[in-house]
Amino acid sequence: MITQTVFDSPVFQMACEQYDHIADWLGIGQSERERARLPKRTLVVQVPVRMDDGRVENFQGYRVQHHLTIGPTKGGIRYHPDVTIGEVAALAMWMSWKCALVGLPFGGAKGGVTCDPRKMSIGEIERLTRRFTQELIPIIGPQVDIPAPDLGTNEQTMAWIMDSYSTQVGHSVPGIVTGKPVCIGGSLGRREATGRGVAYLVNRAMDTLKIPAEGASVVIQGFGNVGFHTAFALSRHRTRIVAVSDYRGGIYCKEGLHLDKLAVHIQKTESVVGFEGAEPVSNEELLTLPCDVLIPAAVERQVTADNVGKLRCRILAEAANGPTTVEADHVLRKSDIFLLPDILCNSGGVIVSYFEWVQDLQNFFWTEAEVNDRLYRILEQTFSHVMQFAKREKLYHRDAAMAIGVKKVADAKKVRGLFP
Ligand code: NAD
């Protein structure tokens with residue numbers, strides 16, 4: 001049993017408890033567990049940045065690589081004021097189970113800088129990114145660890161990382177990051193991939209429950225890359241997106257929000273708040289609105305012991321990583337809410353990141369139709385596997401998905417040995 005580590009935090013604790021629950025079920029020995037809970041490698045760096053007003057501000061940055069047993073590590077980089085080393089370690093661990101679940105040759109990683117990009121200029125964010133990349137160079141590489149976008153980062157951030165890394169090594173290395181712009185080796189369909197994947201799986205869940213997609217009501221917390229593309233992909237099936245939110249608050253319209261007009265409003269105001277014809281709703285209220293599908297697509301620990309009893313959805317699709325606390329999970333597993341667990345639900349992002357990496361290494365690029373077709377094939381296979389496994393073993397969906405992922409990593413470790 002681990003007593004104290006530098007990673008100690010509520011999110012890390014949550015990831016460890018989820019792992020232990022599954023390790024018990026799989027019969028993984030105590031001696032193997034400590035290594036599985038703790039990341040192989042962690043880098044903590046200082047990132048001093050010259051701000052626009054001439055001051056130098058110091059930021060703290062992290063990169064955590066969970067395991068290197070199956071191949072390089074893979075995972076996003078997050079810019080957010082609440083980033084901590086424990087959160088990054090938890091997210092890296094979840095990436096490991098996710099990559100293994102969907103069958104990708106990666107271990108999990110994650111990175112982050114504790115900063116508030118909303119309060120920084122574009123020039124300040126660029127300088128922060130380039131300096132952070134410089135510090136990461138000893139431990140990243142297209143065969144070692146490949147970053148991607150996450151909360152608060154985007155294609156432009158990835159372009160700066162790719163450029164800074166390439167300048168250092170003396171030639172262009174597109175395979176150093178995924179989620180970069182298409183014009184420098186990004187993949188068609190990567191920007192939309194996580195949302196498209198969420199929408200595909202929500203549709204499969206609706207089929208399973210015999211809920212007609214047309215007219216089904218959907219609530220989405222968080223309207224960034226994932227929330228936005230999930231909404232657009234679902235609206236193609238004529239679902240009603242009745243409420244969405246961002247960090248400033250939410251909006252509700254029973255008949256369904258007009259997404260094209262909402263996109264224009266966001267472009268003008270940088271928020272969903274104040275959208276004409278919709279009622280304001282708080283992020284807390286939004287989670288308990290009656291709907292067919294609830295999609296947390298923002299940050300961790302939103303569905304808690306306090307609000308889980310008030311959820312009025314039939315499907316909970318975890319587009320965010322770790323949106324449900326362990327305490328809330330105890331209640332959910334006994335309820336009749338159909339859960340799409342995070343490591344399955346948002347896996348479309350890393351699947352297409354894998355395609356992007358493969359295309360970069362081969363210098364051979366695919367059409368968007370090929371990307372989507374391969375994405376849906378992997379999602380279909382994984383969804384069916386998780387559903388069949390859950391049914392056969394009488395497991396809660398999260399446990400089934402975790403058991404498949406954790407077992408694949410444990411098996412690989414067993415045959416390789418102690419090092420990776
Ligand atoms: P993003 O930065 O593009 O968007 C995040 C959205 O959440 C924004 O609308 C922001 O305003 C909102 N938000 C932030 N804090 C909030 C809060 N406390 N309450 C309500 N809304 C809040 O980030 P993203 O890439 O869309 O990532 C969202 C989630 O999806 C994260 O948990 C991330 O780890 C996960 N995820 C992202 C990807 C990807 O490809 N980008 C892949 C897998 C998982």
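The preceding data block contains the structure.
Predicted, not measured: the structure shown is a model, and the values here were computed from it.

Looking at the side chain of D20
So, point 1. With respect to the element layout, D20 can be found in helix α1 (residues 10–26).
So, point 2. A polar atom in the side chain of D20 sits 3.1 Å from the side chain of R37.
So, point 3. The contacts of D20, once residues within four sequence positions are left out, are R33 and R37.

Let's talk about the pattern of salt bridges
So, point 1. Inspection of the entire model under this criterion finds 31 salt bridges.
So, point 2. Here R196 and E368 are joined by a salt bridge, their closest N and O atoms 3.0 Å apart. Of this pair, R196 sits in helix α6 (residues 190–209) while E368 sits in helix α13 (residues 368–393); the two residues are 172 residues apart in sequence, bridging distant segments of the chain.
So, point 3. One connected set of salt bridges, linked through shared partners, spans R78, E87, K110, D150 and E300.

Let's talk about the site of the ligand
So, point 1. In the vicinity of the ligand there are 21 residues, among which D150, G152, T194, V226 and N321 approach most closely.
So, point 2. Within the side chain of D150, a nitrogen or oxygen atom sits 2.6 Å from an oxygen atom of the ligand.
So, point 3. The separation between an oxygen atom of the ligand and a polar side-chain atom of R190 is 3.1 Å.
So, point 4. Calculation on the ligand without its partners gives an accessible area of 830 Å², and the protein chains cover 86% of this total.
So, point 5. Listed by contribution, the elements that provide at least two residues to the shell around the ligand are α6 and α7 (225–235).
So, point 6. Looking at the shell around the ligand residue by residue, the class counts come to nine nonpolar, eight polar and four charged.

Section: the nonpolar core
So, point 1. Counting residues in each nonpolar core, the largest one holds 96 residues, and the members touching the most others are W94, W97, V202, V244, I295 and L340.
So, point 2. By size, the runner-up hydrophobic cluster in this structure holds 24 residues, among which are V45, F59, M120 and M158.

Concerning the sheet that holds strand β7 (residues 240–246)
So, point 1. If you walk across this open sheet you meet the seven strands as β9-β8-β7-β6-β10-β11-β12, and the pairing is mixed. Looking along the sheet, the strands with just one partner apiece sit at the ends: β9 (279–281) and β12 (338–340). Strand after strand, the sheet turns through a mean of 20 degrees between neighbouring axes, direction not considered.
So, point 2. Of the pairings in the sheet, the one linking strand β10 (residues 293–296) to strand β11 (residues 315–317) comprises two bridges and is parallel in character. The residue of β11 that forms the bridge with V293 is I315.

Thoughts on the pairing of strand β4 (residues 107–114)
So, point 1. Of all eight residues that make up β4, seven are buried, and the element is covered over most of its length.
So, point 2. Summarising the sheet, strand β3 (residues 73–80) and β4 pair through six bridges and their orientation is parallel. Paired with R78 across the two strands is G112, which belongs to β4.
So, point 3. Each parallel crossover has a hand, and for β3 linked through helix α3 (residues 85–102) to β4 it is right-handed.

A word on the packing of helix α12 (residues 348–362) against α13
So, point 1. Relative to each other, α12 and α13 sit at 130 degrees, their axes nearing to 10 Å. As far as their axial angle goes, α13 and α12 are oblique. For α12 against α13, the interelement crossing comes out right-handed. Facing G348, I351, V352, F355 and Q359 of α12, the residues of α13 in contact are V371, R374, L375, I378 and L379.

Rules and cut-offs
Residues numbered from 1 in each chain as written. Predicted model: local features only at pLDDT ≥ 70, side-chain atom pairs only at ≥ 80, totals over all residues. Heavy atoms only, no water. Helix = DSSP H or I, 4+ residues; strand = E, 2+ residues; numbered from the N terminus. Polar contact = N/O pair within 3.5 Å; in protein donor to acceptor, adjacent residues only side chain to side chain. Contact = heavy atoms within 4.5 Å. Salt bridge = Lys/Arg side-chain N within 4 Å of Asp/Glu carboxyl O. Near = heavy atom within 4 Å. Areas by Shrake-Rupley, 256 points an atom, 1.4 Å probe, with all protein chains shown as cover. Nonpolar A, V, L, I, M, F, W, Y, C, P; charged D, E, K, R; others polar. Core = buried A, V, L, I, M, F, W, Y, C linked by side-chain atoms within 4.5 Å. Buried < 20%, exposed > 50% of the residue type's maximum accessible area, 1.4 Å probe, protein only. Pairing = 2+ DSSP bridges. Axes fitted to C-alpha atoms, helices over the stretch in contact; angles between N-to-C directions. Right-handed = clockwise from strand over helix to strand, strands pointing away. Parallel < 35°, antiparallel > 145°, perpendicular 65-115°, else oblique. Left-handed = near helix turned anticlockwise from the far one by under 90°.

By themselves, these are just geometric observations and shouldn't be taken as functional.
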